[in-house]
Amino acid sequence: MMDWNSNTEQYLRQLSELQRGIFTSWASMMPNMPSSNMPNVGDTVANNLKFQQQVVTSSLELQAMVARLSIETQKQFWESYFKMLGRP
């Protein structure tokens, strides 16, 4: 059970670092954009925002799946535990 929790914590830490990296990359691009290309800035921002939304949505779905799997694993563990102790 400890391995599962450790793996989940490691995954969530890596996911957080990925999200932070995406935001940092996006933020660092903004000041470097040429002001002569103003129409493209809006498209670039929209595309970056769409990409960020997809990454966040996917990561939230993955976190939900990990949480469900964790709960299901714990449920099976406790059911097995009580079933084993209840045997004569």
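In case you missed it, the structure is sitting above this.
Residues numbered from 1 in each chain as written. Predicted model: local features only at pLDDT ≥ 70, side-chain atom pairs only at ≥ 80, totals over all residues. Heavy atoms only, no water.

**Student:** Account for the overall build of the protein chain, with residues named and values stated.
**Tutor:** The helix and strand tally for the protein chain stands at two helices and zero strands. Summed over its atoms, the accessible surface of the protein chain is roughly 7200 Å², and 60% of this surface lies on carbon and sulfur atoms. (Helix = DSSP H or I, 4+ residues; strand = E, 2+ residues; numbered from the N terminus. Areas by Shrake-Rupley, 256 points an atom, 1.4 Å probe, with all protein chains shown as cover.)

**Student:** So what about a nonpolar patch on the surface? Which residues, and what values?
**Tutor:** On the surface, a nonpolar cluster with roughly 670 Å² of combined accessible area is contributed by F77, W78, Y81, F82, M84 and L85. Looking at where W78 falls in the secondary structure, it is placed in helix α2 (residues 38-86). (Patch = residues over 30% accessible without salt bridge, like charges linked within 9 Å, V, L, I, M, F, W, Y side chains within 5 Å. Salt bridge = Lys/Arg side-chain N within 4 Å of Asp/Glu carboxyl O.)

**Student:** Hey, could you go over the packing of aromatic side chains for me, with residue numbers and the actual values?
**Tutor:** All chains considered together, the criterion is met by five aromatic pairs. On the numbers, 5.1 Å between centres and 75° between planes, the contact of Y81 with F82 is edge-to-face. For Y81, a relative accessible area of 33% gives the class partly exposed. Look at F82 and you get exposed, because its relative accessible area is 53%. A network of ring pairs unites the aromatic residues F77, W78, Y81 and F82 as a single cluster. (Phe/Tyr/Trp six-rings, centres within 6.5 Å; stacked < 30°, edge-to-face > 60°. Buried < 20%, exposed > 50% of the residue type's maximum accessible area, 1.4 Å probe, protein only.)

**Student:** Could you give an account of the environment of L15, with specific residues and numbers?
**Tutor:** Take L15: it is sitting in helix α1 (residues 2-32). In this structure L15 comes out as buried when scored by relative accessible area, which is 9%.

**Student:** Tell me what's going on with the environment of L49, and back it up with residues and numbers.
**Tutor:** Structurally, L49 can be placed in helix α2. Residue classification places L49 among the exposed positions, given a relative accessible area of 52%. In sequence terms L49 and F23 are 26 residues apart; their C-alpha atoms lie 9.8 Å from each other.

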